[in-house]
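Per-entry structural report
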Amino acid sequence: MAGYTGDIGQATIPGQRAKELWKHTTVRRHVHPVLKRTLAEMAPGLERCMYCGDNQGTDIDHFEPVRINPLRTFDWHNHLLACSLCNSHLKRDLFPISCDGTPLLIDPSSEDPAAHLHLSLAAGAYVKLSDRGEATIKVFGLNRPILIRGRRRAYLATPPLLNRWHEAFVKGDLDEAADWADTIWEQPTADVVHAMFHQAVTPGAEDVFADESETLALLRDPVIRAALLRTD
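Presented here is a report on the structure given in the accompanying data block. Remember, it's a predicted structure, so these values are computed and weren't measured experimentally.

All right, on to the packing of helix α7 (residues 145-170) against helix α8 (residues 174-185) then. Interaxial distance between α7 and α8 falls to 8 Å at its minimum, and their mutual angle equals 165°. Accordingly, the angle class assigned to the pair α7 and α8 is roughly antiparallel. Taken as a pair, α7 and α8 cross one another with a handedness that is left-handed. Contact residues: Leu161, Leu162, Arg164, Trp165, Ala168 and Phe169 in α7; Leu174, Glu176, Ala177, Trp180, Ala181, Thr183 and Ile184 in α8. Split by residue class, the contact of α7 with α8 holds ten nonpolar, one polar and two charged.

This is the structure we're talking about:
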C-alpha cells in the first residue's frame, strides 16, 4: 500500500493518479477483496453499512474522499464498509469541515458516535448532540423514514430475543444461547441494541424505559451484559 501512496505523491496530478490506481485491474482483483473481507468483519450485524447500519455493505468508502486527499486513497484507516446508497448517492465527495479545519463527519470505525448522536429509541430517530452529529445526520440521511421504521421494529424485537437468550443460558444450552446472541446482534440497525445497553445504565434510564421495567432489568443484568455486550 505504501508503494501506491508513493506513486500518487510523485504524480503531477495526484488526484487523477489516485483514481487510476484505485480502479486498476490489479488493485481491484487483489487489494479490494482483502479490504472488503476485513472491513466486513468489523461491520455491525451481517456486514451492514458502517454509516446507516441497515443496508448490506457493498462498497469500500474513503472516509476522507480521494478528491480531497488523494494521499489517503490506500490508507487503511481511511477505509469503511458502506452501502451504495450511503457511499455513492448520499455522501459522494461530501466532506464538511468545521471553521477550525477538523472534519464534521463522524468516523464510526475510530470514535464513539454516542458523543455526538443520541438515538431516541421509541421514536427511532437520531438527535444531534453536536455540530458533528448534525452534519452526519444530514449527509447520510440517518433519519430517513425507512431507517426510523427499521429502528422502531428492532426496538420492539430485541426484548423477546433477550428473554430467549436468558432462558437458554439459564438451562445450560450454550449452543442455543449462542444462536440467540447472533440473532440479537445480526439484526439490521444493530445500533439500536448498542443504544439500549448504553442507555439502560445512564441517568434517566427509568424514564427512557418507563413502561418497560422488565426490559430495563434484562439490559442491566450483569450476566447478560457480560455475555452479550459487544464493543467491536
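The subject of this paragraph is α7. For an α-helix, 3.6 residues make a turn, and residues three or four places apart therefore share a direction. Its 26 residues give α7 an end-to-end C-alpha distance of 38 Å, which sits within 8% of 38 Å, the value for a rise of 1.5 Å per residue. Most pronounced at threonine 158, the bend in α7 amounts to some 30°, and the proline proline 159 follows within four residues. Restricting attention to buried positions, one finds in α7 the residues Leu147, Arg151, Ala154, Tyr155, Thr158, Pro159, Leu161, Leu162, Trp165 and Ala168. Count one or two residues on from α7 and you reach glycine 172, which has phi positive near 85°.

Two aromatic rings, taken as a pair, are described by how far apart their centres are and by the angle between their planes. All chains considered together, the criterion is met by six aromatic pairs. For the pair tryptophan 22 and phenylalanine 74, a centre-to-centre distance of 5.4 Å together with 65° between the ring planes defines the contact as edge-to-face. Taken together, the positions of tryptophan 22 in helix α2 (residues 14-22) and phenylalanine 74 in the loop between β1 (59-62) and β2 (79-82) put the pair 52 residues apart, joining distant regions of the chain. Exposure remark for tryptophan 22: the relative accessible area of 12% places this residue in the buried category. Ring geometry for tryptophan 165 and phenylalanine 169: centres 4.8 Å apart, planes at 15°, overall stacked. Within this pair, tryptophan 165 and its partner phenylalanine 169 are both found in helix α7, separated by four residues, close to a single helical turn. Judged by relative accessible area, phenylalanine 169 falls into the partly exposed class, the value being 33%. One aromatic cluster in this structure is built from Tyr4, Trp22 and Phe74.

So, how was this worked out
Chains are numbered independently. Their residues run from 1 in the order of the written sequence. Residues qualify for local features only when their pLDDT is at least 70, as the model is predicted, and side-chain atom pairs are given and counted only at 80 or more; totals for whole chains, interfaces and linings, by contrast, use all residues. Calculation of side-chain values draws on the structure's entire complement of heavy atoms; hydrogens and water are dropped beforehand. Lines fitted to C-alpha atoms define the axes here, with helix axes fitted over just the stretch in contact, and angles between the N-to-C directions of these axes take values from 0 to 180 degrees. Numbering of helices and strands starts at the N terminus; helices are DSSP runs of H or I of at least 4 residues and strands are runs of E of at least 2. Our angle categories are set so that under 35 degrees counts as roughly parallel, over 145 as roughly antiparallel, 65 to 115 as roughly perpendicular, and the remainder as oblique. Crossing handedness is defined as follows: a turn of the near helix away from the far one that is anticlockwise and smaller than a right angle gives a left-handed crossing, while the clockwise case is right-handed. Note on contacts: a residue pair qualifies if any of its non-hydrogen atoms lie within 4.5 Å across the two residues. Under the scheme applied here, ten amino acids are nonpolar (Ala, Val, Leu, Ile, Met, Phe, Trp, Tyr, Cys and Pro), four are charged (Asp, Glu, Lys and Arg), and all others, including Gly, are polar. The span you would expect from a helix comes to 1.5 Å times its residue count less one. At every residue, the bend is computed as the angle between two fitted axes, covering the seven residues ending there and the seven beginning there respectively. Only protein chains enter the accessibility calculation, which uses a 1.4 Å probe; a residue whose area is less than 20% of its type maximum is buried, one above 50% is exposed, and one in between is partly exposed. Classification of ring pairs uses Phe, Tyr and Trp, with its six-membered ring standing for Trp, and accepts pairs whose centres are within 6.5 Å; under 30 degrees between planes counts as stacked, over 60 as edge-to-face, and the remaining range as tilted.

So yeah, pure geometry; function would need other evidence.
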